[in-house]
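Chain by chain, the residues:
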Amino acid sequence: MAEYSLLCLGNPLLDIQVNGDQALLDKYGLKPNDAILADEKRLPIYEEITTGYSPKYLAGGAAQNSARGAQYMLPPKSVVYVGCTGQDTFGEALTSACVKEGVLTKYRIEKEQPTGRCGVIITGHDRSMVTDLAAANHYKLEHLKSPEVWSYVENAKIYYVGGYHLTVCVPAILALGEHAAETNKIFTMNLSAPFLPQSFKEQLDSVAPYWDYLIGNESEALAYSESHGLGTEDITAIAQSIAGLPKKNSSRPRTVVITQGTDPTIVVTGGPNPIVEVYPVRPIEAKDIVDTNGAGDAFAGGFLAGLVQSKELKTAIDMGQWLASWGIREPGPAYPSGKKVYGA
């Protein structure tokens, strides 16, 4: 397998994770299990959680978590990650965290903005995420197209874009999608959060023709159905509708993968006769669950590792579920430090 065959694009963030309570959620108008962008009135939350609580700082940003997860399961020098950070200690912390986990970062450095941050409020098994994109919001197509970074694009075989990047730089997503379609490489994306199909529908639809694989969870699928007027809450029917959308590269059908927490994962592969498959998740006892923050990112990471290794679809799904089952035993979007080996 060639080096750096997986290239990921996303919003690099420093996760500031605290154990909170309902009062903290109420104060900032947060749902227990959600992901939103911070508006003006929610910006004070970062000061509050860093001074009034015991924060844990982790390398975050959904696509970066998935990049780290894929690299965890792949041979060294398999994954390169692209995004934008500030020129500050948080940005340096992100770089060193990725280096430690073997992910090559090609960050655009934005000198006028601090590195993005995500407040993660844990209550029980729920997590509410409030993101201040800051520098992450300043990714530019010119950086992707620069000779050094584009050489990694041309070298890669598989592309993965976090849905959150739809709020940042759609031209960069389109450039990767177009390159993938032209060269018959694999383009994968994640729906990432319910607000994206609702508030960024136009941006989402503009990149849809390039999806070879689309990953999401049930709440994101329901948000997609609502914003696209599908008139159904049936997850399989929603996945079938997405699988059947027009596609740029017609040489392979689109596959839509919808996770449902502890309920089975639904997979629909499009084409003239769509195939629906259902995969139960790996059972894990409640007492072993430490933190579900990053479970979906871990699933995507394991799934991507399967695609990179040209595994059968059912094996790639199982690799995603395997990595997620280990990720939720760790605090934050992290993977066991004592290396676990899939299939061992």
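Residues numbered from 1 in each chain as written. Predicted model: local features only at pLDDT ≥ 70, side-chain atom pairs only at ≥ 80, totals over all residues. Heavy atoms only, no water.

Filter applied, for reference: UniProt positions are given in the numbering used here, feature names are shortened, and annotations may be inferred rather than shown by experiment.
For the protein, the name recorded in an unreviewed UniProt entry is Adenosine kinase, with Tuber aestivum as its organism. UniProt, in the comment section headed Cofactor (unreviewed entry), describes the protein in these words: "Mg(2+)". Of the protein, the UniProt comment under Function (unreviewed entry) reads exactly: "ATP dependent phosphorylation of adenosine and other related nucleoside analogs to monophosphate derivatives."

1. Some thoughts on the sheet that holds strand β13 (residues 263–269)
Cut-off, in case you're wondering: Pairing between strands is defined by DSSP: at least two bridges between the two strands are required. Every helix listed is a DSSP run of H or I at least four residues long, and every strand listed is a run of E at least two residues long, numbered separately from the N terminus. Every axis in this analysis is a line fitted to C-alpha atoms, fitted for helices over the stretch in contact. Angles between the N-to-C directions lie between 0 and 180 degrees. The contact definition used throughout considers only heavy atoms, calling two residues in contact when any of these lie within 4.5 Å.
Read across the open sheet, the 9 strands follow the order β6-β5-β1-β9-β10-β11-β12-β13-β14; overall the sheet is mixed. Each end of this open sheet is capped by a strand with a single partner; those strands are β6 (104–110) and β14 (275–279). For this sheet, the mean inter-axis angle between neighbouring strands, taken without regard to orientation, is 15°. One ladder, built from 3 bridges, connects strand β10 (residues 186–190) with strand β11 (residues 213–217); its direction is parallel. From the neighbouring strand, Met 189 faces β11, where its bridge partner is Leu 214. In the packing of helix α4 (residues 89–100) onto the sheet, the strands contacted are β5 (79–86) and β6, and the crossing angle to β6 comes to about 170°.

2. A short note on empty space enclosed by the protein
Applicable threshold: A pocket here means an open set of points on a 1 Å grid, computed over the protein atoms alone, that has protein on both sides within 12 Å along at least five of seven lines. A cavity is instead a set of points where a 1.4 Å probe fits but cannot get out; residues with an atom within 4 Å of a point line either one. Grid points are joined across faces, edges and corners, and a volume is the space filled by probe spheres set on the points. All residues other than Ala, Val, Leu, Ile, Met, Phe, Trp, Tyr, Cys, Pro, Asp, Glu, Lys and Arg, Gly among them, are scored as polar; the first ten of these are nonpolar and the last four charged.
Evaluated as defined, the whole model comprises 1 cavity of 30 Å³ or more. Taken as a whole, the largest cavity holds about 30 Å³ of empty space. Taken together, Gly 177, Ala 180, Ala 181, Pro 209, Tyr 210, Trp 211, Asp 212, Lys 247, Lys 248 and Asn 249 make up the lining of the largest cavity. For the lining of the largest cavity, a count of residues per class yields 5 nonpolar, 2 polar and 3 charged.

3. Regarding the pattern of salt bridges
The test is simple: Here, a salt bridge means any Lys or Arg side-chain nitrogen found within 4 Å of an Asp or Glu carboxyl oxygen. Burial classes follow relative accessibility: with a 1.4 Å probe on protein chains only, a residue under 20% of its type's maximum area counts as buried, one over 50% as exposed, and anything between as partly exposed.
Considering all chains together, one arrives at 14 salt bridges under this definition. For Glu 110, the salt bridge identified is with Arg 108, shortest N-O distance 3.1 Å. Grouping residues by exposure puts Glu 110 and Arg 108 together as buried. Between Asp 212 and Arg 252 there is a salt bridge, with the nearest N and O atoms lying 3.1 Å from each other. Placement of the pair is Asp 212 in the loop between α9 (201–207) and β11 and Arg 252 in the loop between α11 (235–243) and β12 (255–260), with a sequence separation of 40 residues. There is no split in this pair, since Asp 212 and Arg 252 are both buried.

4. Regarding the sheet that holds strand β8 (residues 126–132)
One open sheet accounts for 5 strands, arranged β3-β8-β7-β2-β4; its pairing is mixed. Each edge of the open sheet is held by one strand with a lone partner, namely β3 (34–37) and β4 (56–60). Mean inter-strand twist for the sheet, computed between neighbouring axes without regard to direction, equals 25°. Judged from the 5 bridges that link them, strand β2 (residues 13–19) and β4 form a sheet pairing that is antiparallel. Within the sheet, the bridge partner assigned to Leu 14 lies in β4 and is Ala 59. Against the sheet, helix α2 (residues 44–52) makes contact with β2, β4, β7 (116–123) and β8, and its axis sits at roughly 60° relative to β7, the strand it touches most. The strands touched by helix α3 (residues 62–73) within the sheet are β2 and β4, with β4 carrying the most contacts at an inclination of about 80°.

5. Remarks on the nonpolar core
In plain terms, the rule: Take the buried Ala, Val, Leu, Ile, Met, Phe, Trp, Tyr and Cys residues and link them wherever side-chain atoms come within 4.5 Å; each set so joined is a nonpolar core.
Ranked by internal contacts, the top residues of the largest apolar core, which has 58 residues, are Leu 7, Tyr 139, Leu 144, Leu 176, Phe 187, Met 189 and Trp 211. The biggest single contributor to this core is helix α7 (residues 170–183), with 6 residues. Here Leu 176 is in contact with Leu 7, Leu 9, Leu 144, Val 153, Tyr 159, Val 161 and Phe 187, once residues within four sequence places are set aside. With 39 residues, the next largest nonpolar core counts Ile 186, Ile 215, Val 308 and Ala 316 among its residues.

6. Structural notes on the layout of surface pockets
In this structure, the second largest pocket spans a volume of roughly 460 Å³. Every residue lining the second largest pocket is counted, 19 residues in all, and those nearest its centre are Arg 68, Ala 97, Lys 100, Glu 101 and Tyr 335. Put simply, the parts of the chain that give the lining of the second largest pocket at least two residues each are β4, α3 and α4. Ranked by residues supplied to the lining of the second largest pocket, first place goes to α4 with 4 residues. By residue class, the composition of the lining of the second largest pocket is 12 nonpolar, 2 polar and 5 charged.

7. Topic: the environment of Leu 141
Secondary-structure assignment places Leu 141 in helix α5 (residues 141–145). When the C-alpha atoms of Leu 141 and Cys 169 are compared, they prove to be 7.2 Å apart, with 28 residues separating the residues in sequence.

8. Re the UniProt feature "active site" (unreviewed entry) in the protein
In the UniProt entry, the feature "active site" (unreviewed entry) is given for Asp 297. Inspection of the secondary structure puts Asp 297 in helix α12 (residues 295–308).

9. A look at the packing of helix α6 (residues 147–155) against α7
Cut-off, in case you're wondering: In what follows, roughly perpendicular refers to angles from 65 to 115 degrees, roughly parallel to angles under 35, roughly antiparallel to angles over 145, and oblique to any angle outside these ranges. Handedness of a crossing is defined here by the sense of rotation of the near helix relative to the far one, left-handed for an anticlockwise turn of less than a right angle and right-handed for a clockwise turn.
Taken N-terminus to C-terminus, the directions of α6 and α7 make an angle of 40°; their axes are 10 Å apart at the nearest point. The angle between the axes of α6 and α7 places the two elements in the oblique class. Crossing of α6 over α7 shows right-handed handedness. Where α6 approaches α7, its residues Trp 150, Val 153 and Glu 154 are matched on the opposing element by Ala 175, Leu 176 and His 179. Looking at side-chain class alone, the contact of α6 with α7 contains 4 nonpolar, 1 polar and 1 charged residues.

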